[in-house]
Amino acid sequence: MCGIIGCVGRDGETLETLVHGLSKLEYRGYDSAGVALTGTGQNVDITKCAGEIDELRGALETHAPDGEVGVGHTRWSTHGPPTDENAHPHQDCTGNVAVVHNGIIENYQTLRDELSTSGHTFRSDTDTEVVPHLIEDALDSGLDPEAAFRDALSRVEGSFAIAAVLAGEDTIFAARHDSPLVLGLDEDAYYLASDVPAFRDFTDRVVYLADGEFAKLDREGWTVTDGDGEVVEKTVDTVDWDPEDAGKSGYDHFMLKEIHEQPRALRQCLRGRVDELAGEVDIEDLGDLSPPGVQFVACGTSYHAALYGAQLFQQAGIPAQAFLASEYASSPPPIGDSLVIGVTQSGETADTLSALREAHRRGARTMAVTNTVGSTAARECDHVFYIRAGPEIGVAATKTFASQLAALNLLVLGMAGGNARDIVPALRDLPGDVQALLDDSNAAAVAETYEDSSAYFFIGRGYHYPVALEGALKMKEISYKHAEGFAAGELKHGPLALVTADTPVFAIVTGDGESARKTIGNVKEVEARDAPVVAVTDGASDVERYADQVLEVPETHPRAASVLANVQLQLVSYHVANRLGRSIDKPRNLAKSVTVE
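Enquirer: Looking at this structure, how should I read the sheet that holds strand 13 (residues 221-225)?
Expert: Hydrogen bonds between backbone groups are what pair the strands of a sheet, and the pairing can be parallel or antiparallel. If you walk across this open sheet you meet the six strands as 5-6-7-8-12-13, and the pairing is antiparallel. Edge positions in the open sheet fall to strand 5 (90-91) and strand 13, since each of these has one partner strand only. The pairing of strand 6 (residues 97-105) with strand 7 (residues 158-166) spans nine bridges and is antiparallel. Following the sheet pairing, Ala98 is matched in strand 7 by Val165. Strand contacts of helix 4 (residues 130-140): strand 5, strand 6 and strand 7, with the helix running at about 130° to strand 6, the strand carrying the most contacts. Packed on one face of the sheet, helix 5 (residues 145-154) meets strand 7, strand 8 (172-177), strand 12 (214-218) and strand 13 and runs near 25° to strand 8.

Here you go:
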């Protein structure tokens with residue numbers, strides 16, 4: 001949530017670099033945007049406005065800030081509506097301090113009241129605006145700029161990634177606590193950002209800041225220090241993906257591109273971890289993990305992956321449960337000797353981090369299943385298992401969900417054993433099966449048929465139940481239509497009252513076993529209420545007899561079939577949203593990485 005970019009050393013190109021970085025971060029928030037530039041002998045020069053980055057570009061045609069050092073921000077609103085006044089950067093009374101911030105300052109009202117009483121004037125409704133005023137007070141007391149920045153943050157409670165520039169200084173001061181911040185290092189320029197795509201076009205060398213660390217960037221270089229001001233030796237990592245991976249590559253939307261990248265993402269997840277000839281899975285880098293129980297914590301799409309993972313472990317004979325991370329953090333269940341696994345695409349999801357930290361505080365071993373190397377979850381957990389999906393820009397998760405499901409299959413086979421020969425061939429074939437589905441899908445025609453429906457229902461059993469939930473979430477996220485997912489047997493326990501001729505039911509039915517037969521029974525129930533039925537099926541059962549439309553998936557192992565069914569539902573949601581003219585990559589009120597609780 002919210003995107004921060006900072007730049008030092010791009011002589012004559014600082015403003016263009018900041019705006020370019022904001023365009024790469026717009027998936028983190030698009031309520032408003034702004035930039036602040038400064039340099040030795042110059043005042044802080046700001047342009048900001050409500051709206052998306054294109055609105056900022058228009059404002060810059062009227063007033064383009066001048067300077068060689070600068071910060072920028074794209075906002076996802078928490079305190080105050082999206083207005084010009086609430087857009088970042090925020091300034092102090094003198095206009096000599098400008099600050100951008102991602103996070104929530106919990107004690108901002110107390111600080112604001114104190115500052116107002118002492119004569120400070122506020123122009124916005126945001127929590128962030130207290131910070132430049134605190135810096136102003138510290139400067140007035142005689143502190144130098146770096147000391148003033150530290151003093152201001154010592155009074156702040158909450159989560160933050162913050163960057164500040166001051167008039168007359170060619171330096172950016174930054175710090176993080178519970179919100180991500182990464183440095184980018186070029187030969188003659190230095191960057192900071194909420195996420196790597198902001199500066200990946202310029203450098204692949206990065207430094208990840210940890211909680212409680214401060215950074216100082218100027219023309220001479222960069223320094224990272226701890227809360228006491230002691231220099232911290234940091235590892236410089238190299239990003240292993242190409243800048244083009246974060247582009248649209250000719251697709252109309254990032255979401256559609258990322259749906260079509262799922263075969264490659266799955267290959268990357270499986271590479272080096274599956275021994276096809278031996279029928280074995282190798283995850284030795286995690287060490288000896290044989291937990292007596294597993295507790296998953298996750299949010300949103302990752303929670304649906306966690307529900308799927310819990311079923312995998314249960315089937316392997318290991319007690320497992322999936323918890324919403326926001327509930328787990330406030331009301332944790334008994335943990336015992338369970339391994340607590342946080343499933344988080346970004347590795348920065350605030351609720352999931354809180355749950356993992358609570359588990360750690362209570363003595364549990366923790367693991368992160370994440371896509372992001374160097375993320376907070378990856379650094380803080382005892383173990384980390386990367387899903388290797390590559391960068392995902394669209395707010396609605398697609399390829400990361402598929403990779404999470406594949407990774408959890410590998411994880412349970414590596415930790416619990418079992419008959420890997422039964423699933424390894426299906427995992428091996430999964431990328432090719434997804435590609436075949438993408439080549440032949442009729443999801444666009446199904447979307448055209450039902451785009452005007454009043455609501456959508458999704459049902460599935462077993463491994464398909466989490467996919468039904470995910471299918472409904474995708475439809476809600478990007479089409480803004482009402483959608484609900486259910487365990488197939490639950491429709492008759494209340495939700496059936498909502499089923500009409502204007503509410504298509506998407507039924508996931510694969511195989512021809514008892515689960516399929518029972519789901520077909522549920523299909524007959526909705527058919528009797530005149531609801532149109534869309535069957536997502538491999539053709540092994542006779543569900544097509546009762547369906548108005550069919551979305552086909554290749555026949556495979558039940559675990560892999562869930563991945564394939566989900567791809568069809570992603571495509572339906574995409575085409576419905578596209579036909580309705582929705583902002584698919586930037587759905588209203590949502591952001592990619594939810595870094596506030």
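After that view, the rundown keeps rolling.
Enquirer: Whenever I open this one, the pairing of strand 4 (residues 69-75) confuses me. Can you help?
Expert: Looking along a regular strand, one sees side chains alternate from face to face of the sheet. In terms of burial, strand 4 is a largely internal element, seven of the seven residues being buried. What you see with strand 4 is no split at all: Val69, Val71, His73 and Arg75 on one side and Gly70, Gly72 and Thr74 on the other are buried throughout. Two strands pair when backbone bridges link them, and strand 1 (residues 3-8) and strand 4 are joined in this way by six bridges, in the antiparallel orientation. Among the inter-strand pairings, Cys7 is bridged to a residue of strand 4, identified as Gly70. Note: strand 2 (residues 32-38) against strand 4, seven bridges, orientation antiparallel. From the neighbouring strand, Leu37 faces strand 4, where its bridge partner is Gly70.

Enquirer: Explain helix 2 (residues 53-62) to me, please; I cannot follow it from the model alone.
Expert: The periodicity of an α-helix, 3.6 residues per turn, causes residues three or four places apart in sequence to face the same way. Of the positions making up helix 2, those classed as buried are Ile53, Leu56 and Leu60. In an axial view of helix 2, the angular spread of the buried residues amounts to 50°, which keeps them on one side of the axis. Seen from the buried face of helix 2, the exposed residues on the opposite side, beyond 90 degrees, are Asp54, Glu61 and Thr62. Contacts made by the buried residues of helix 2 are with helix 1 (14-25), strand 2, strand 3 (45-50) and strand 4.

Enquirer: I tried to follow the sheet that holds strand 19 (residues 339-344) on my own but got confused; where do I start?
Expert: Ordered by their spatial adjacency, five strands build an open sheet running 18-17-19-20-21, and the pairing between neighbours is parallel. Of all strands in the sheet, those with a lone pairing partner are strand 18 (320-324) and strand 21 (383-386), marking the two edges. Pairs of neighbouring strands in the sheet enclose a mean axial angle of 20°, with direction left out of account. Looking at chain direction, strand 17 (residues 294-298) and strand 19 are connected through five bridges and run parallel. In the sheet register, Gln295 faces strand 19, and the bridge partner there is Val340. In the packing of helix 10 (residues 350-361) onto the sheet, the strands contacted are strand 17, strand 19 and strand 20 (365-370), and the crossing angle to strand 19 comes to about 165°.

Enquirer: Before we go on, may I ask you to explain the nonpolar core in this structure?
Expert: It is characteristic of soluble globular proteins that their nonpolar side chains tend to be buried jointly. By size, the foremost hydrophobic cluster in this structure holds 86 residues, and its most contacted members are Phe296, Ile341, Met367, Val369, Leu411, Phe458 and Phe506. With near-sequence residues (within four places) excluded, Leu411 lies in contact with Ile283, Leu286, Phe313, Ile341, Met367, Val369 and Phe385. Among the nonpolar cores identified, the runner-up in size contains 30 residues, and Ile5, Tyr27, Leu60 and Val196 belong to it.

Enquirer: Would you take a moment to explain the packing of helix 8 (residues 300-315) against helix 15 (residues 464-479) for this structure?
Expert: Each pair of packed helices can be summarised by the angle the axes make with each other and by the distance between the axes. Axis separation between helix 8 and helix 15 bottoms out at 9 Å; the angle between their running directions is 170°. Taken together, the axes of helix 8 and helix 15 are roughly antiparallel relative to one another. Along its contact with helix 8, which presents Gly300, Thr301, His304, Leu307, Tyr308 and Gln311, the element helix 15 presents Pro466, Leu469, Glu470, Leu473 and Lys474. Tallied by class, residues from the contact of helix 8 with helix 15 come to five nonpolar, four polar and two charged.

Enquirer: How should I be thinking about helix 16 (residues 514-527) in this particular structure?
Expert: With 14 residues, helix 16 extends 20 Å from end C-alpha to end C-alpha; this agrees with the ideal 20 Å at 1.5 Å per step. Within helix 16, the full set of buried residues consists of Ala516, Thr519, Ile520, Asn522, Val523 and Val526. All buried residues of helix 16 fall inside an arc of 160° around its axis, so they share one side. Where the residues of helix 16 are buried, they touch strand 22 (455-460), strand 24 (505-509) and strand 25 (533-537).

Enquirer: When you look at the packing of aromatic side chains in this model, what are you seeing that I'm missing?
Expert: For the structure on display, the rule yields nine aromatic pairs. Ring centres of Tyr191 and Phe202 lie 5.5 Å apart, and the angle between their planes is 10°; this geometry places the pair in the stacked category. You can see Tyr191 sitting in strand 10 (residues 190-193) and its partner Phe202 sitting in the loop between strand 10 and strand 11 (205-208), a full 11 residues away along the chain. The class of Phe202 is partly exposed, set by a relative accessible area of 23%. The interplanar angle of 65° and the centroid separation of 5.4 Å between the aromatic rings of Phe323 and Tyr328 together place this pair among those described as edge-to-face. Assessed through its relative accessible area of 18%, Phe323 is described here as buried. Take Tyr328: its relative accessible area is 1%, and that puts it in the buried class. Grouped by ring-pair contacts, the aromatic residues Phe149, Phe173 and Phe214 constitute a single cluster. Looking at Arg150, its charged tip hangs above the ring of Phe214, at a distance of 4.1 Å from the centre.

So, how was this worked out
Residues numbered from 1 in each chain as written. Predicted model: local features only at pLDDT ≥ 70, side-chain atom pairs only at ≥ 80, totals over all residues. Heavy atoms only, no water. Pairing = 2+ DSSP bridges. Helix = DSSP H or I, 4+ residues; strand = E, 2+ residues; numbered from the N terminus. Contact = heavy atoms within 4.5 Å. Axes fitted to C-alpha atoms, helices over the stretch in contact; angles between N-to-C directions. Buried < 20%, exposed > 50% of the residue type's maximum accessible area, 1.4 Å probe, protein only. Arc of directions from axis to C-beta. Core = buried A, V, L, I, M, F, W, Y, C linked by side-chain atoms within 4.5 Å. Parallel < 35°, antiparallel > 145°, perpendicular 65-115°, else oblique. Nonpolar A, V, L, I, M, F, W, Y, C, P; charged D, E, K, R; others polar. Expected span 1.5 Å × (residues − 1). Phe/Tyr/Trp six-rings, centres within 6.5 Å; stacked < 30°, edge-to-face > 60°. Lys NZ or Arg CZ within 6 Å of the ring centre and 35° of its normal.

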